[in-house]
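# Architecture at a glance
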Amino acid sequence: MSIAFIDLKQQQARIRAKIDAGLSTVLDHGAYIMGPEVGALEARLGEWTGAAHNISCSSGTDALLLALHGLELQPGQGVIVPSFTFAASAEVMPVMGAIPVFAEVEADSFNLDPNKLDAALAAGKAADIDVVGIIGVGLFGQPANYDAIRAFATQRGLWLIDDAAQSFGAQWQGLPVGQLADVTCTSFFPAKPLGAYGDGGAVFTNDDHIAEIIRSCRIHGMGKDKYQNVRIGMTGRLDTMQAVILDAKLDIFEDELTLRQTVADRYHTLLGDMVGTPQLASGATSSWAQYCIKLPNSCDRAAVISYLGDHGVPTAIYYPVPMHQQPPYTDFPQSQCGLGVTCDLSARVLALPMHPYLEDAQQQHIAAQLRHAL
Ligand SMILES: *Cc1c(COP(=O)(O)O)cnc(C)c1O
């Protein structure tokens with residue numbers, strides 16, 4: 001039995017005709033940059049997020065950079081971010097001369113622990129850093145607890161970004177991703193739940209002023225026209241051809257989210273007695289970017305991975321080294337309550353194959369092999 005970690009081929013078969021036709025239209029009109037398909041996609045993304053401004057861009061990382069430009073982050077200022085995340089969430093601060101302040105996550109949701117934000121803020125203060133905002137991450141597809149995080153941020157006058165690179169399409173207490181923070185960023189990297197066939201991303205906000213700065217920074221800080229530069233920006237546009245791909249994928253996105261939930265439910269039934277399976281908070285849905293289990297404490301993860309690999313089950317570790325232990329990041333402030341949960345998760349997590357087209361028989365095979373391995 002051959003099992004793909006992420007299978008984009010079956011998905012492509014459903015939408016290939018629309019993609020072929022759409023790409024052919026772009027080849028005919030030739031507007032490769034900011035063609036009409038880009039605006040059409042942004043309007044469609046707006047139907048998902050309900051946000052006033054839906055701004056496509058060149059990647060999830062650039063979405064975060066644009067968001068920080070929009071929020072006018074200054075060099076030397078600090079931003080609270082979980083250490084248990086993909087590098088980009090923390091990387092964008094030093095790129096702008098600012099400072100990530102590492103916070104602890106919850107063992108169940110893998111997301112920022114609202115009760116430990118105070119300890120991160122205190123670490124920033126102790127290092128004499130002006131902490132101005134928080135980046136929460138919807139890791140593996142489930143939004144963070146933004147009710148509690150937003151309450152904390154509002155009380156302290158901090159802004160809030162949702163790094164929804166993995167959680168686009170999910171909901172929190174009935175609200176869609178795109179409405180949970182001051183600014184939401186997502187990625188269209190091919191392996192994300194909504195992926196293009198290349199790099200891409202988007203920024204969502206209801207704030208007109210932030211949106212205006214982001215639109216300007218996306219094209220070199222342009223003013224009324226593109227050869228008038230009113231601020232320092234970047235090249236942050238989404239390619240027209242990627243907009244075509246994303247438009248086709250949006251046709252089946254809702255269906256795919258349902259299929260992903262079915263796959264997650266089956267995993268939970270098959271594996272729940274063996275390993276720690278991911279739990280959704282009450283009122284949360286997930287776009288199931290990844291299905292990450294927690295192996296038992298005593299378990300030799302490398303041996304499990306190698307056994308599974310030998311038996312046709314590809315796996316991955318997200319993330320083996322937390323950000324505060326990566327060499328360029330070790331000098332940045334760390335939560336005063338420590339990052340014990342983060343370190344424990346890094347040592348125990350294992351991501352199993354996850355995509356909408358994973359079949360029951362394949363999941364039975366994965367579960368059987370995992371049982372043997374353990
Ligand atoms: C993938 C990812 C990003 C970066 O997205 P790119 O499109 O690869 O730049 C940022 N944050 C998180 C949590 C991600 O998973």
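Up top you'll find the structure we're talking about.
These notes cover the structure that comes with them. In this text the structure is predicted, and so the values were computed from the model without any measurement.

### As for the packing of aromatic side chains
- Per the counting criterion, the structure on display carries 15 aromatic pairs.
- On the basis of an interplanar angle of 75 degrees and a centroid distance of 6.5 Å, the ring pair of Phe84 and Tyr319 is categorised as edge-to-face. In this pair, Phe84 is assigned in the loop between strand S2 (78-82) and helix H4 (87-95) and Tyr319 in the loop between helix H9 (301-310) and helix H10 (340-348), connecting sequence segments 235 residues apart. The exposure classification of Phe84 matches that of Tyr319, with both residues buried.
- Every member of this aromatic cluster is reached through a ring pair, and the members are Phe5, Phe84, Phe86, Phe110, Phe140, Tyr318 and Tyr319.
- Taking the ring centre of Phe86 as reference, the NZ or CZ of Lys192 above it sits at 5.6 Å.

### A look at helix H1 (residues 9-29)
- A rise of 1.5 Å per residue sets the reference length of H1, with its 21 residues, at 30 Å; its end C-alpha atoms lie 28 Å apart and thus fit the reference within 8%.
- Along H1, the sharpest change in direction is near 65 degrees and occurs at Ile15.
- Residues of H1 that are buried: Gln11, Ile15, Ile19, Gly22 and Val26.
- Phi turns positive, to about 80 degrees, at Gly30, one or two residues after H1.

### Observations regarding the sheet that holds strand S3 (residues 99-103)
- Taken together, seven strands build an open sheet; the order of strands is S1-S9-S8-S5-S4-S2-S3 and the sheet is mixed. Lying at the two open borders of the sheet, with one neighbouring strand each, are strand S1 (53-57) and S3. On average, adjacent strands in this sheet sit at an angle of 25 degrees to one another, irrespective of strand direction.
- The sheet contact formed by S1 and strand S9 (residues 201-205) spans five bridges and is antiparallel. Bridge pairing links His53 to Thr205 in S9.
- Helix-sheet contacts for helix H2 (residues 36-49) involve S1 and S9, and the interaxial angle to S1 is about 130 degrees.
- Where helix H6 (residues 146-156) meets the sheet, its contacts fall on strand S4 (131-137) and strand S5 (159-163), and the angle it forms with S5 comes to roughly 150 degrees.

### Some words on the side chain of Thr186
- Looking at the secondary structure, you find Thr186 in strand S8 (residues 183-187).
- For Thr186, the side chain forms a polar contact with the main-chain oxygen of Ala164, separated by 2.8 Å.
- Discounting chain neighbours no more than four positions away, the residues touching Thr186 are Ser59, Gly60, Ala63, Ala164, Ala165, Phe168, Gly201, Ala202 and Phe204.

### Structural notes on unusual backbone geometry
- Cis rather than trans, the peptide bond between Tyr318 and Tyr319 has omega equal to 5 degrees.
- Of note, Met34 is a non-glycine position whose phi angle comes to about 55 degrees, a positive value.
- Relative to the helices and strands, Met34 resides in the loop between H1 and H2.
- A residue is classified by how much of its surface remains accessible, and Met34, at 33% relative accessible area, is partly exposed.
- Positioned with a positive phi, Phe110 is a non-glycine residue whose angle comes to about 70 degrees.

So, how was this worked out
Residues numbered from 1 in each chain as written. Predicted model: local features only at pLDDT ≥ 70, side-chain atom pairs only at ≥ 80, totals over all residues. Heavy atoms only, no water. Phe/Tyr/Trp six-rings, centres within 6.5 Å; stacked < 30°, edge-to-face > 60°. Helix = DSSP H or I, 4+ residues; strand = E, 2+ residues; numbered from the N terminus. Buried < 20%, exposed > 50% of the residue type's maximum accessible area, 1.4 Å probe, protein only. Lys NZ or Arg CZ within 6 Å of the ring centre and 35° of its normal. Expected span 1.5 Å × (residues − 1). Bend = angle between axes of the 7 residues up to and from the residue. Pairing = 2+ DSSP bridges. Axes fitted to C-alpha atoms, helices over the stretch in contact; angles between N-to-C directions. Contact = heavy atoms within 4.5 Å. Polar contact = N/O pair within 3.5 Å; in protein donor to acceptor, adjacent residues only side chain to side chain.

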